Amino acid sequence: MKDTPEKNTPITHAQEVALCRTLQQEVQPHGYHVALTGSCLQKDEGSKGDVDVGLYPYSTLHATPAPAELLKLLGLPWSDRTRLHYTDSKLVLNVTYGGFNTDLFFLRLSNET
């Protein structure tokens, strides 16, 4: 599900859910779960080409790859969109996934990237 998207390609809720289900299958073996988030949940028709997805470890008792390492394992090139002005230490990595511009939100438990 790794394609080259056109910028700002509209996406429906059904496509967002399908994207998350596919991503879940890829990240689960590495200890992560997927959560659909962001503006797509505030609108009835979906997003304007930007999907916000939260990724979180399903167990804090087991080691999981750092975010950049996870994307490397999945073969996803990324750009760092860290939101330094937020006080909650979130890390946002932008990828192309399933033909859509996708922001992956990681809750930072340490200063790892």
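The structure under discussion appears in the preceding block.
Keep in mind that this is a model prediction, so the values were computed, not measured.

**Student:** Before we move on, could you go through the nonpolar core and cite the residues and values that matter?
**Tutor:** Leu23, Val27, Val53, Leu55, Leu104 and Phe106 are the most contacted members of the largest nonpolar core, which has 21 residues in total. Among the secondary structure elements, those contributing two or more residues to this core are α1 (13–27), β1 (32–37), β2 (50–57), α2 (67–74), β4 (90–97) and β5 (100–107). Once residues within four sequence positions are removed from consideration, leucine 23 is found in contact with Val34, Val53, Leu55, Tyr97 and Leu104.

**Student:** Can you explain α1? Please cite residues and give values.
**Tutor:** Between the first and last C-alpha of α1 there are 21 Å, a value that for 15 residues agrees with the 21 Å anticipated at 1.5 Å per step. Along α1, the positions that sit buried rather than exposed are Glu16, Leu19, Cys20, Leu23, Gln24, Glu26 and Val27. Each buried residue of α1 lies within a common arc of 160° when the element is viewed along its axis, so the set occupies one face. Exposed and oriented more than 90 degrees from the buried face of α1 are Ala14, Arg21 and Gln25. Tucked into the core, α1 has its buried residues touching β1, β2, α2, β4 and β5.

**Student:** Any details on the packing of aromatic side chains? Residues and values, ideally.
**Tutor:** We describe a pair of aromatic rings using the distance from one ring centre to the other and the angle between the two ring planes. The final tally for this structure, using the stated rule, is 1 aromatic pair. Judged by centre distance (6.1 Å) and plane angle (90°), the rings of tyrosine 32 and phenylalanine 106 are edge-to-face. One end of the pair, tyrosine 32, is in strand β1; the other, phenylalanine 106, is in strand β5, and 74 residues separate them in sequence. Both residues of the pair, tyrosine 32 and phenylalanine 106, belong to the buried class.

**Student:** Tell me about the pairing of β2, and please be specific about residues and values.
**Tutor:** For β1 and β2, the ladder comprises 6 bridges, and the chain directions are antiparallel. Within β2, the residue paired with alanine 35 across the bridge is glycine 54. Alignment of β2 against β5, held across 6 bridges, turns out to be parallel. Of the residues in β5, the one forming a bridge with aspartate 50 is asparagine 101.

Thresholds, definitions, all that
- Residues numbered from 1 in each chain as written.
- Predicted model: local features only at pLDDT ≥ 70, side-chain atom pairs only at ≥ 80, totals over all residues.
- Heavy atoms only, no water.
- Core = buried A, V, L, I, M, F, W, Y, C linked by side-chain atoms within 4.5 Å.
- Buried < 20%, exposed > 50% of the residue type's maximum accessible area, 1.4 Å probe, protein only.
- Helix = DSSP H or I, 4+ residues; strand = E, 2+ residues; numbered from the N terminus.
- Contact = heavy atoms within 4.5 Å.
- Expected span 1.5 Å × (residues − 1).
- Arc of directions from axis to C-beta.
- Phe/Tyr/Trp six-rings, centres within 6.5 Å; stacked < 30°, edge-to-face > 60°.
- Pairing = 2+ DSSP bridges.

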